Amino acid sequence: MASSRAELLELFSKTATEIVEKEFSNISETTVISELGIDSLGMLEIVGSMERQLKIQLPDESLAGIQTVKDLIELVERKRQGV
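Residues numbered from 1 in each chain as written. Predicted model: local features only at pLDDT ≥ 70, side-chain atom pairs only at ≥ 80, totals over all residues. Heavy atoms only, no water.

- By the naming in an unreviewed UniProt entry, the chain is Acyl carrier protein, taken from Pendulispora rubella.

The following block contains the structure:
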């Protein structure tokens, strides 16, 4: 299971590549998700896949305002810490 920020970043990158069917080579925490060509539906698919892989549940309302990969990673970390 992904535990470090680097592993979560890798998981996001891999999941985004599978769902959008486009190779992403330079994803960093500061990457704006919409600039990757990922729309809201694609984002929901990525989050759903990450939830299944990490065995967590992210409330839909917590996803509003997610702009960058860092925002998503921090949300996942908070959820895994029970915050």
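### Quick word on the overall build of the chain
Moving on, step 1. Summing up its helical and strand segments, the chain has 3 helices and 0 strands in all.
Moving on, step 2. For the chain, the N- to C-terminal ordering of α and β elements is α-α-α.
Moving on, step 3. For the chain, whose C-alpha radius of gyration is 12 Å, the value lies close to the compact-globule estimate of 12 Å for 83 residues.
Moving on, step 4. Taking the principal axes of the C-alpha coordinates as reference, the chain spans close to 30 × 25 × 20 Å.
Moving on, step 5. Expressed as a percentage of its 83 residues, the buried residues of the chain come to 42%. (Helix = DSSP H or I, 4+ residues; strand = E, 2+ residues; numbered from the N terminus. Rg over C-alpha atoms; globule rule 2.2 N^0.38 Å. Buried < 20%, exposed > 50% of the residue type's maximum accessible area, 1.4 Å probe, protein only.)

### Some remarks on the pattern of salt bridges
Moving on, step 1. Per the stated rule, a full pass over the model turns up 5 salt bridges.
Moving on, step 2. Of the charged contacts in the structure, one is a salt bridge between Arg-5 and Glu-29, with a shortest N-O distance of 2.8 Å. Separated by 24 residues along the polypeptide, Arg-5 in helix α1 (residues 5-20) and Glu-29 in the loop between α1 and α2 (40-54) bring together distant segments of the chain.
Moving on, step 3. For Arg-5, the salt bridge identified is with Glu-74, shortest N-O distance 3.6 Å. Pair noted here: Arg-5 is in helix α1 and Glu-74 is in helix α3 (residues 69-80), with a separation of 69 residues, a long-range link.
Moving on, step 4. We classify Arg-5 as partly exposed; its relative accessible area is 28%.
Moving on, step 5. Linked through salt bridges whose partners overlap, the residues forming this network are Arg-5, Glu-29, Lys-70, Glu-74 and Glu-77. (Salt bridge = Lys/Arg side-chain N within 4 Å of Asp/Glu carboxyl O.)

### A few points about α1
Moving on, step 1. With 16 residues, α1 should cover 22 Å at 1.5 Å per step; its first-to-last C-alpha distance of 22 Å lies within 8% of that length.
Moving on, step 2. Within α1, the full set of buried residues consists of Leu-8, Leu-9, Leu-11, Phe-12, Ser-13, Thr-15, Ala-16 and Thr-17.
Moving on, step 3. For α1, the secondary structure elements touched by its buried residues are α2 and α3.
Moving on, step 4. Glu-21 lies just past α1 and shows a positive phi near 60 degrees. (Expected span 1.5 Å × (residues − 1). Contact = heavy atoms within 4.5 Å.)

### Notes on unusual backbone geometry
Moving on, step 1. With a phi close to 60 degrees, Glu-21 is a non-glycine residue in the positive phi region.
Moving on, step 2. Tracing the sequence through the fold places Glu-21 in the loop between α1 and α2.
Moving on, step 3. Positive phi, close to 55 degrees, is recorded for Lys-55, a residue that is not glycine.
Moving on, step 4. Look at Lys-55 and you get exposed, because its relative accessible area is 70%.

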